[in-house]
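Coordinates in review
So you can see what is in the structure, the chains are spelled out below.
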Amino acid sequence: MKKLLITRPIAEPVVAQAETLFDVTVHEDGALDVAAAAQALADYDAILPTLGDQFSAQAFQSASEKLRCGMLGNFGVGYNHIDVVAAKAAGVDVSNTPDVLTDATADIGMTLILATARRAGEGERLVRSGEWGGFGPKALLGTHVTGKTVGIVGMGRIGQAVAHRCHYGFGMRVVFFNRSAKEVTMPAEQLPTLTAVMQEADFVVVTTPGGAETTHLINAEALAAMKPTGIFVNISRGEVVDEPALIKALVDEQIAGAGLDVYEAEPHVPETLRALDNCVLLPHLGSATVETRQAMGQMALDNIIAWSKGEKPPQSVT
Ligand code: GLV
């Protein structure tokens, strides 16, 4: 039996199925650092890793001669925690879990747009504090969402799902920035530059992949192009945003608010950000529904099964 490491507990039916096919170990102690990732590459035939596990070039290099692993079936659409070039060079296949989490992640984007615009975090804290004095015509006034302009940065599957919800659900105009020209099947205007999108949008929603090519795509200059009434939402990866620059823009009230699901050094969230009332902060919940997490686990396992049969994993990214 091939040895499979599942690096975090996942849905029981998926683990149960894996156990009928592989000699399974479920790692219960959180994310793998580089040394633990290297050890896992040496000890297991296949690994089902996820966000936070550090399969860096260094991990592949440390494993090198001892490398046993041939497959990383990642649990998650984003795989910026895996050095795919190093994996490929080492002959390790890598797959991800696209599509199954698109709706759940787009829904978190909407949650953040609405919660930030309508000051839901502040309101909730007020009710829980026991200090709420009752309905007030001028109390906790937020920003209207319906009919506004949303600017999508990265018009992939998740970007389009957010755009769809904004346009058809909230009557919003959609503008977007995408590196390549993109035809979409809904009313949405591709603008030539990121700056143009940042300027036009009342709500900017970042939905690009992470990784070297998008690191700090949203920097101080991009944020400076936003309207002072603008709300910034990030549901992609923390590193896409220069976090200190975002914090400065919020503290200086250069923009009106931010809704964040991801952070540069997760799970560390800077204290200044946590102290800001004009932010809604979620703990990376994009795909966190029971149904979606089960589907992600199943897809990751299906890719590992395909690999174990000598087939190309259907969601291979290598
Ligand atoms: C979650 O962030 C994922 O990449 O699946």
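Around the ligand, a shell composed of Leu51, Gly76, Val77, Gly78, Leu101, Arg237 and His284 is seen. At a separation of 2.7 Å, an oxygen atom of the ligand approaches a polar side-chain atom of Arg237. Between His284 and the ligand, the recorded distance is 2.7 Å, taken from a side-chain N or O atom to an oxygen atom. In isolation the ligand offers 190 Å² of accessible surface; the protein chains occlude 88% of this area.

Another point: the sheet that holds strand β4 (residues 71–73). Read across the sheet, five strands follow the order β2-β1-β3-β4-β5 without closing on themselves; strand pairing throughout is parallel. At either end of the open sheet lies a strand with only one pairing partner, and these are β2 (23–26) and β5 (93–95). Adjacent strand axes in the sheet meet at a mean angle of 15 degrees when their direction is disregarded. Looking at chain direction, β4 and β5 are connected through three bridges and run parallel. Residue pairing across strands places Leu72 opposite Val94, the latter belonging to β5. Along the sheet, helix α12 (residues 290–308) makes contact with β1 (3–6), β3 (46–48), β4 and β5, crossing β3 at roughly 170 degrees.

Turning our eyes to something else, we now look at empty space enclosed by the protein. One pass over the structure, following the stated rule, counts one cavity of 30 Å³ or more. A volume near 40 Å³ is recorded for the largest cavity. Around the largest cavity sit Asn234, Gly238, Val241, Glu243, Leu246, Leu260 and Val262, which together line it. Across the lining of the largest cavity, the residue classes break down as four nonpolar, two polar and one charged.

For the rest of this paragraph, the subject is the sheet that holds strand β9 (residues 203–206). With parallel pairing, seven strands are arranged side by side in an open sheet as β8-β7-β6-β9-β10-β11-β12. Each edge of the open sheet is held by one strand with a lone partner, namely β8 (189–190) and β12 (279–281). Bridge count for strand β6 (residues 149–153) against β9 is four bridges, and the pairing is parallel. Directly across from Val153, in β9, lies its bridge partner Val206. In this fold helix α5 (residues 102–117) packs onto β9, β10 (231–234), β11 (257–260) and β12, with an angle of close to 150 degrees to the strand it touches most, β10. Of the strands in this sheet, β6, β7 (173–177) and β9 touch helix α7 (residues 157–170), which is tilted by about 175 degrees from β6.

Turning our attention to the nonpolar core. Leu4, Ile152 and Val162 are the most contacted members of the largest nonpolar core, which totals 47 residues. With seven residues, α5 is the single largest residue contributor to this core. Each of domain 1 (3–98 + 290–308) and domain 2 (102–281) gives at least three residues to this core. In terms of nonpolar packing, the next biggest core, distinct from the first, is built from 32 residues, Ala201, Met226, Val240 and Leu273 among them.

Further remarks concern helix α1 (residues 12–21). What α1 keeps buried is the set Val14, Val15 and Ala18. One face of α1 carries all of its buried residues, which in axial projection span an arc of 95 degrees. Of the exposed residues in α1, those oriented more than 90 degrees away from the buried face are Glu12 and Thr20. Contacts from the buried residues of α1 go to β1, β2 and α12.

When the domains of the chain are assigned, the result is domain 1 (3–98 + 290–308) and domain 2 (102–281). Summarising the inter-unit geometry, the C-alpha centres of domain 1 and domain 2 are found 31 Å apart. On the domain 2 side, the residues contacting the six residues of domain 1 number six residues. For the domain 1 and domain 2 pair, buried surface summed over both sides reaches about 480 Å², with 52% attributable to carbon and sulfur atoms. Contact with domain 2 buries surface across domain 1, with Leu51, Asn80 and Pro98 losing the most and accounting together for 69% of the total.

Conventions used here
- Residues numbered from 1 in each chain as written.
- Predicted model: local features only at pLDDT ≥ 70, side-chain atom pairs only at ≥ 80, totals over all residues.
- Heavy atoms only, no water.
- Near = heavy atom within 4 Å.
- Polar contact = N/O pair within 3.5 Å; in protein donor to acceptor, adjacent residues only side chain to side chain.
- Areas by Shrake-Rupley, 256 points an atom, 1.4 Å probe, with all protein chains shown as cover.
- Pairing = 2+ DSSP bridges.
- Helix = DSSP H or I, 4+ residues; strand = E, 2+ residues; numbered from the N terminus.
- Axes fitted to C-alpha atoms, helices over the stretch in contact; angles between N-to-C directions.
- Contact = heavy atoms within 4.5 Å.
- 1 Å grid on protein atoms, 1.4 Å probe; cavity = no way out; pocket = protein on both sides within 12 Å on 5 of 7 lines; lining within 4 Å.
- Points joined across faces, edges and corners; volume = space filled by probe spheres on them.
- Nonpolar A, V, L, I, M, F, W, Y, C, P; charged D, E, K, R; others polar.
- Core = buried A, V, L, I, M, F, W, Y, C linked by side-chain atoms within 4.5 Å.
- Buried < 20%, exposed > 50% of the residue type's maximum accessible area, 1.4 Å probe, protein only.
- Domains from an automatic or database assignment.
- Arc of directions from axis to C-beta.
- Buried area = accessible area lost by both parts, 1.4 Å probe.

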